[in-house]
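Summary of structural features
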Amino acid sequence: FFAGETTFVKGVVAMSGLPPADRAEICFAGRSNVGKSSLINALTGRKGLARASNTPGRTQEINFFERDDLYIVDLPGYGFANAPVAVVEKWQRLLKSYLSGRQTLRRAFMLIDSRHGVKPVDEEIMSLLDKSAVPFQVVLTKDDKIKEKDRDPMLAQVRKALSKHPAAFPELIATSSEKGLGLPTLRSTIHGLRD
Ligand code: GTP
Ligand code: MG
């Protein structure tokens, strides 16, 4: 993808801290541990750029990265997190405010773990995106972990869930940050979303 380097801009803990909405922006949303930060690192080819870890709830701020005049946003996960309830509630509120109130957000990439499919918490976020008219596209993660026989039923479950959401793009992008699968497709999709 694009010509430049990816740089870290800032970590945001309140809506008032968001950088000016002066350029196109995309974000990665999904349940805790689905692989958001790992995917950003794999896409940009910079291993330690977004902090990834085995502990659900690793990313606790809205992290802004910049590349070729595009903001790439790593969000905290939703669902289970290994952190105190009050803290989790605070960042969940922030996450929802961001997803429903960011003018320049071109598309939200909704990450879904290939082994788990769409869960009720995912549906809740998808409904929020519908309501806010933020277009979203599902990116399946950890493709290297799925058993071949589970693939078709999982795809059917995801497609069925998406059919209920008007803001959803029908195309799914299957990825593995570990194996590099699907990254060129996702890069070119993101590339096309710049100003
Ligand atoms: P939070 O910030 O806690 O919401 O998590 P996250 O969605 O950013 O997940 P993160 O990238 O931190 O990855 C969670 C775990 O999944 C880590 O142990 C990663 O190594 C692992 N992981 C991420 N992507 C892949 C993948 O494509 N394949 C495999 N096998 N593991 C992956
Ligand atoms: Mg993360």
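Conventions we followed
- Residues numbered from 1 in each chain as written.
- Chains lettered and ligands numbered in written order.
- Predicted model: local features only at pLDDT ≥ 70, side-chain atom pairs only at ≥ 80, totals over all residues.
- Helix = DSSP H or I, 4+ residues; strand = E, 2+ residues; numbered from the N terminus.
- Rg over C-alpha atoms; globule rule 2.2 N^0.38 Å.
- Buried ≥ 20, exposed ≤ 12 C-beta atoms within 10 Å, placed from the backbone.
- Contact = placed C-beta atoms within 7 Å.
- Pairing = 2+ DSSP bridges.
- Axes fitted to C-alpha atoms, helices over the stretch in contact; angles between N-to-C directions.
- Near = placed C-beta within 6 Å.
- Nonpolar A, V, L, I, M, F, W, Y, C, P; charged D, E, K, R; others polar.
- Core = buried A, V, L, I, M, F, W, Y, C linked by C-beta atoms within 7 Å.
- UniProt positions renumbered as here; feature names shortened; annotations may be inferred.
- pLDDT = per-residue confidence, 0-100.

Okay, the overall build of the protein chain next. Of regular secondary structure, the protein chain possesses five helices and seven strands. Start at the N end of the protein chain and walk to the C end: the helices and strands fall as β-β-α-β-β-α-β-α-β-α-β-α. In terms of overall dimensions, the protein chain is globule-like: its C-alpha atoms have a radius of gyration of 15 Å, near the 16 Å expected for 195 residues. The principal-axis extents of the C-alpha atoms in the protein chain amount to approximately 45 × 40 × 35 Å. Counting every position in the protein chain, which comprises 195 residues, the buried fraction comes to 39%. Long-range pairs, those at least 24 residues apart, make up 76% of the contacts in the protein chain with a sequence separation of at least 6.

Taken in spatial order, the seven strands of this open sheet run β1-β3-β4-β2-β5-β6-β7, and their pairing is mixed. Because the sheet does not close on itself, it has two edges, and the strands there are β1 (7–12) and β7 (173–174). Strand direction decides the pairing type here: strand β2 (residues 24–30) and strand β5 (residues 105–113), joined by six bridges, are parallel. Paired with G30 across the bridge in β5 is L111. Each of β2, β5 and β6 (136–141) touches helix α3 (residues 120–132); the most contacted strand, β5, lies at about 165° to it.

A word on the environment of F136. For F136, the location among the structural elements is in strand β6. Distance in space between the C-alpha atoms of F136 and F109 is 5.6 Å, their sequence separation being 27 residues.

For the rest of this paragraph, the subject is the site of ligand 1. Around ligand 1, the structure places 24 residues, and the nearest of them are G35, S38, A52, T59 and G77. When residues in the shell around ligand 1 are grouped by element, the largest group, three residues, is from helix α1 (residues 36–44). Broken down by class, the residue content of the shell around ligand 1 amounts to four nonpolar, 14 polar and six charged.

Attention shifts here to the nonpolar core. F28, A29, A108, M110 and L111 are the most contacted members of the largest nonpolar core, which has 46 residues in total. Here the element with the most residues in this core is β5; it accounts for six residues. With residues near it in sequence (within four places) discarded, F28 still touches K36, L39, I40, V73, D74, L75, F109 and L111.

Within β2, five of the seven residues are buried, leaving the element largely enclosed by the surrounding structure. Sheet analysis places β2 next to strand β4 (residues 70–74), joined by five bridges and oriented parallel. Across the sheet, F28 pairs through a bridge with D74, a residue of β4.

Below, the discussion takes up the UniProt feature "domain: EngB-type G" (unreviewed entry) in the protein chain. Per the UniProt record, the feature "domain: EngB-type G" (unreviewed entry) sits at residues 22–195. Each end of residues 22–195 is marked by a C-alpha atom, and these two atoms are 10 Å apart; helix forms 36% of the span and strand 20%.

To continue, consider the environment of T7. Residue placement: T7 occurs in strand β1. T7 sits 39 residues away from R46 along the chain, and the two C-alpha atoms are 9.7 Å apart. If sequence neighbours within four positions are ignored, T7 has contacts with F65 and E66.

Turning our attention to the confidence of the model for the protein chain. Low-confidence regions, as indicated by low pLDDT, have predicted coordinates that should not be scrutinised in detail. Across the protein chain, pLDDT averages 93, with 98% of residues at or above 70. As scored by the predictor, the complex reaches a pTM of 0.96 and an ipTM of 0.99.

For the rest of this paragraph, the subject is unusual backbone geometry. Glycine aside, negative phi is the norm for most residues, and most peptide bonds take the trans geometry. Although it is not a glycine, D69 adopts a positive phi angle of roughly 65°. Here D69 is to be found in the loop between β3 (62–67) and β4. Even without being glycine, K142 reaches a positive phi, approximately 55°. Mapped onto the secondary structure, K142 falls in the loop between β6 and α4 (148–162).

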